[in-house]
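Fold and geometry: a report
The lines below spell out each chain.
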Amino acid sequence: MVLKIESVTKRFGHFTAVSNLTLTIPEGEIFGFLGANGAGKTTTFRMILGLLDSNEGKISWDGQPINYSTSHLIGYLPEERGLYPKLKVSEQVVYLARLRGMNKKDALKELAHWLDRFKVPEYMNKKVEELSKGNQQKIQFISAILHKPKLLILDEPFSGLDPVNVELLKEAVIDLKRNGTTIVFSSHRMEHVEELCEFLCIMHKGKPVVHGELKGIKRNFGKKNLIIHADFPLDFIKNQSGVTKFKTTVEGANIQIENEDMAQRILKDLVGKGVIRKFALEESSLNDIFIEKVGASYE
Ligand code: ATP
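Report follows, based on the coordinates. Residue numbers here run from 1 along each chain, matching the order of that chain's written sequence. Confidence filtering applies because this is a predicted model: local features only for residues at pLDDT of at least 70, side-chain atom pairs given and counted only at 80 or more, and all residues used for totals across whole chains, interfaces and linings. Values reported for side chains reflect all heavy atoms of the structure, with hydrogen atoms and water molecules removed beforehand.

**Some details on the site of the ligand**
Definition of nearness: a residue and a molecule or strand are near each other if at least one heavy atom of the residue lies within 4 Å of the molecule or strand. Around the ligand sit 14 residues in total, of which Gly 38, Gly 40, Thr 42, Thr 43 and Glu 79 are the nearest. For the purposes of these results, a polar contact is taken to be a pair of N or O atoms within 3.5 Å, where, inside protein, one atom must be able to donate a hydrogen and its partner to accept one; residues adjacent in sequence count only when each atom of the pair is a side-chain atom. A distance of 2.9 Å is found between an oxygen atom of the ligand and a side-chain nitrogen or oxygen belonging to Asn 37. Considering the ligand on its own, with 630 Å² of exposed area, one finds that the protein chains cover 65% of that surface. A helix here means a DSSP run of H or I that spans at least four residues, while a strand means a run of E at least two residues long, and both kinds are numbered starting from the N terminus. Looking at the shell around the ligand element by element, the count peaks at three residues for helix H1 (residues 41-48). Looking at side-chain class alone, the shell around the ligand contains five nonpolar, six polar and three charged residues. Each accessible area is a Shrake-Rupley result for a 1.4 Å probe, and residues are judged covered by the shown protein chains and nothing else. Under this grouping Gly is polar, as are all residues other than the nonpolar Ala, Val, Leu, Ile, Met, Phe, Trp, Tyr, Cys and Pro and the charged Asp, Glu, Lys and Arg.

**Focus: the pattern of salt bridges**
What counts as a salt bridge is simple: a side-chain nitrogen of Lys or Arg found within 4 Å of a carboxyl oxygen of Asp or Glu. Using the criterion set out here, one finds 14 salt bridges in the structure. In this structure, Lys 223 engages Glu 292 in a salt bridge whose closest nitrogen and oxygen atoms are separated by 2.9 Å. Separated by 69 residues along the polypeptide, Lys 223 in the loop between helix H7 (214-221) and strand E10 (224-230) and Glu 292 in helix H9 (residues 286-294) bring together distant segments of the chain.

**With respect to the nonpolar core**
Buried together is how nonpolar side chains tend to be arranged in soluble globular proteins. Counting residues in hydrophobic clusters, the biggest one holds 51 residues, and the most contacted among them are Phe 118, Phe 141 and Leu 146. If sequence neighbours within four positions are ignored, Phe 118 has contacts with Lys 138, Phe 141, Ile 142, Leu 168, Leu 169 and Ala 172. Formed by 25 residues, the second largest nonpolar core is a distinct cluster that contains Leu 23, Phe 33, Phe 45 and Phe 199. Buried Ala, Val, Leu, Ile, Met, Phe, Trp, Tyr and Cys residues form a nonpolar core when they are joined through side-chain atoms within 4.5 Å. Relative accessibility under 20% of the residue-type maximum defines a buried residue, over 50% an exposed one, and the middle range a partly exposed one, all with a 1.4 Å probe and only protein chains included. Any two residues having at least one pair of non-hydrogen atoms within 4.5 Å are treated as being in contact.

Right, dumping it as structure tokens:
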């Protein structure tokens, strides 16, 4: 069941929030949407879910638009978190699960399983308002996945969580993928997308500036990073052709080069000049790619 976004545009008055977006989100994969604030991620998710109509284009899942008849197959963690503060966790989550077609017994069993897994079994009968914001987010995540959706849309699932909880959620996302769920999520953090996704889209001002398979995106980018630690000056490398960036560090230099061959040439030049403690050739990161394509960094 492939999710297809075809030439989709969304305008709010004269402002274009999403511009001619075409993407295919393969079944059973984790697909990451990256972009700065206001890039158009949430708007895209709302259109996928049928909560907002596009002005142009078409979105389909397994050939059909997403609507009430398919809602039990979809899980959604919205960007605006919101649970009923006065309700107990169990009442709340079971209520939402029943709306998605689960019976109470199964919902309670699944909830107990997830609370255990998220290391908060004692929350079952606590009121939502008694939980910290991050822990409320975990409960809302559980609500989004309890009915084992086939398509899961997570708007900034990791924001506001401490590193331990980020890991717990990441592991859950990976397990859901293993069990066949297609997952679409947004993030401001490149490393989350880099770690979880084989497919991604970087959005900038409503437009997809880079999209596709991470491996292919990196291959097409071509450039590599060379990390050198040495006890002699490395400045002579700076102006060589094929060196696209050069940054002096405490231990040596971080250098961006056009291709791998360049690294071999640099290595030859270094030999005999002194002690080299590190010479490492690394793939470009998504952050490098973002900086080049969008002209700014998040970090
Ligand atoms: P963030 O990372 O901050 O959540 P985002 O990538 O999710 O950003 P969107 O929420 O999709 O971005 O917003 C895209 C643009 O559309 C923004 O400039 C926003 O102000 C505008 N926008 C979104 N919803 C509306 C609306 N209902 N009316 C007018 N403008 C809107």
